[in-house]
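Architecture and fold: a report
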Amino acid sequence: MDEQPEATPGRVLDRRAELSEFLRSRRARLKPEDVGLPDFGRHRRVPGLRREELAQLAGVSVAYYTRLEQGNGRNVSAEVLDSIARALRLSDAEHAHLTHLAKPKAHKKRPVARQQQVRTALCQLLDSMDGVPAYVVGRRAEILAWNRMAAALFGDWGRLPAGDRNWARLVFLRPDYRELFVDWEQKAIDIVCALRMDAGCYPDDPRLSALVGELSVKSEEFRRLWATHDVKEKSHGLKRLHHPLVGDLSLQFETFRVASDTDQALITYHAEPQSASAESLRLLASWGTDATRAVRTV
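Source: prediction; values computed, not measured.

**Overview of the pairing of strand β1 (residues 134–137)**
- Here β1 shows no split at all, with Ala134 and Val136 on one side and Tyr135 and Val137 on the other all buried.
- For β1 and strand β5 (residues 261–270), the ladder comprises four bridges, and the chain directions are antiparallel. Counterpart to alanine 134 in the pairing with β5 is threonine 268.
- Of the strand pairs in this sheet, β1 and strand β2 (residues 143–146) are connected by three bridges, and their pairing is antiparallel. By the bridge assignment, tyrosine 135 is partnered in β2 with tryptophan 146.
- Where β1 hands over to β2, the hairpin turn is made up of five residues, of which arginine 140 adopts a positive phi near 60°.

**Some remarks on the environment of serine 260**
- In this fold, serine 260 is placed in the loop between β4 (247–258) and β5.
- Between the C-alpha atom of serine 260 and that of valine 118, which follows or precedes it by 142 residues, the distance is 10.0 Å.
- A polar contact of 3.3 Å, which involves the side chain of serine 260, links it to the side chain of arginine 119.

**Topic: helix α2 (residues 51–58)**
- For α2, every residue scored as buried is listed here: Glu53, Leu54, Ala55 and Ala58.
- On its buried side, α2 packs onto α1 (15–28), α3 (62–69) and α4 (78–87).
- Remark: glycine 59 follows α2 within two positions and exhibits a positive phi of approximately 75°.

**Quick notes on the nonpolar core**
- In terms of nonpolar packing, the biggest core is built from 47 residues, with Tyr135, Phe154, Trp157, Trp167, Phe172 and Leu195 touching the most fellow members.
- Among residues more than four places away in sequence, those in contact with tryptophan 167 are Tyr135, Val137, Ala141, Ile143, Phe154, Trp157, Tyr177, Phe181, Lys187 and Ile191.
- Core analysis: the second largest hydrophobic core is formed by 27 residues, Leu19, Ala58, Leu101 and Ala102 among them.

**Some thoughts on the packing of aromatic side chains**
- Tallying each qualifying case throughout the model produces 16 aromatic pairs.
- Taking 5.4 Å as the distance between ring centres and 90° as the angle between the ring planes, the aromatic pair formed by phenylalanine 154 and tryptophan 167 counts as edge-to-face. Note that phenylalanine 154 is positioned in helix α7 (residues 148–154) and tryptophan 167 in helix α8 (residues 167–173), a separation of 13 residues in sequence.
- Exposure remark for phenylalanine 154: the relative accessible area of 4% places this residue in the buried category.
- What makes tryptophan 167 buried here is its relative accessible area of 4%.
- Relative to phenylalanine 181, the ring of tryptophan 167 lies with its centre 5.8 Å away and its plane at 70°, an arrangement referred to as edge-to-face.

**Brief notes about the packing of helix α5 (residues 92–102) against helix α10 (residues 184–201)**
- Between α5 and α10, the shortest axis-to-axis distance is 8 Å and the interhelical angle comes to 30°. The orientation of α5 relative to α10 falls into the category roughly parallel. Between α5 and α10, the contacting residues are Ala93, His97, His100 and Leu101 on the first element and Arg196, Met197, Gly200 and Cys201 on the second.
- Considered class by class, the residues forming the contact of α5 with α10 number four nonpolar, three polar and one charged.

**Things to note about unusual backbone geometry**
- Look at arginine 89: it is not a glycine, yet its phi comes out positive at around 55°.
- Within the secondary structure, arginine 89 sits in the loop between α4 and α5.
- Backbone geometry at arginine 140 places phi at a positive 60°, although glycine is not the residue there.
- Of note, arginine 140 is situated in the loop between β1 and β2.
- The exposure class assigned to arginine 140 is buried, which follows from its relative accessible area of 2%.

About the thresholds
Residues numbered from 1 in each chain as written. Predicted model: local features only at pLDDT ≥ 70, side-chain atom pairs only at ≥ 80, totals over all residues. Heavy atoms only, no water. Buried < 20%, exposed > 50% of the residue type's maximum accessible area, 1.4 Å probe, protein only. Helix = DSSP H or I, 4+ residues; strand = E, 2+ residues; numbered from the N terminus. Pairing = 2+ DSSP bridges. Polar contact = N/O pair within 3.5 Å; in protein donor to acceptor, adjacent residues only side chain to side chain. Contact = heavy atoms within 4.5 Å. Core = buried A, V, L, I, M, F, W, Y, C linked by side-chain atoms within 4.5 Å. Phe/Tyr/Trp six-rings, centres within 6.5 Å; stacked < 30°, edge-to-face > 60°. Axes fitted to C-alpha atoms, helices over the stretch in contact; angles between N-to-C directions. Parallel < 35°, antiparallel > 145°, perpendicular 65-115°, else oblique. Nonpolar A, V, L, I, M, F, W, Y, C, P; charged D, E, K, R; others polar.

Following this line, the structure appears as structure tokens:
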């Protein structure tokens, strides 16, 4: 594998602005009736809950919550964040994201510019997984390592410059990946949600900021999805693909966090036994490098 490019100096994401916009977006999606409050209909001037209503539900003063929503989370306690998360009905992933944004010092800081390395044993495991498309993804949706079947299924990433081996760039900037994923919109949402989680954990990462800036300029779809401030983690699920050689596939994916580096995850794909998709995967495996060359589009 080629080395990942080193981070270059540049602006970073504004953590206070991220905190403010996240809280506003979560408050705006709640209706009074969702939380047992009366709705006065046309008399409401803002979408969702008012700050006063949210503060009441969380058991904090309006002034305190207002300061937090303005991005000032310096002295906020974990208990108050828990109360606000419950009032906003946040998911576990959203709760974790709120905590990262409000209390970054509570989390171990790691050097974001350091190149991520995949352990040799993990690379060997990838190579041994015959018939199973698998790859390792790191921060910023970077594709760090993959096996032969992943290349046959998704394209020959080895022929791409290191900086282009990135799921966000592939999905938002490459037409062939728009055609590959039957539900392209959901794949795009998943990627943006993952990048949002990264932004909460590493707001001072210049490479992540540069990626977000690049995609915001080049893709209207990315700008739209990034503005939602949605975050979530998907550990498993179904992906439907339309491969240029074998046609439609329905594959289950599983995500395994790497214990030695939780910023890395091993992703595997498999088909239901005796299904048409399983036969298509066997066909791709038999073609091997010939299939990789056939799906090359760059």
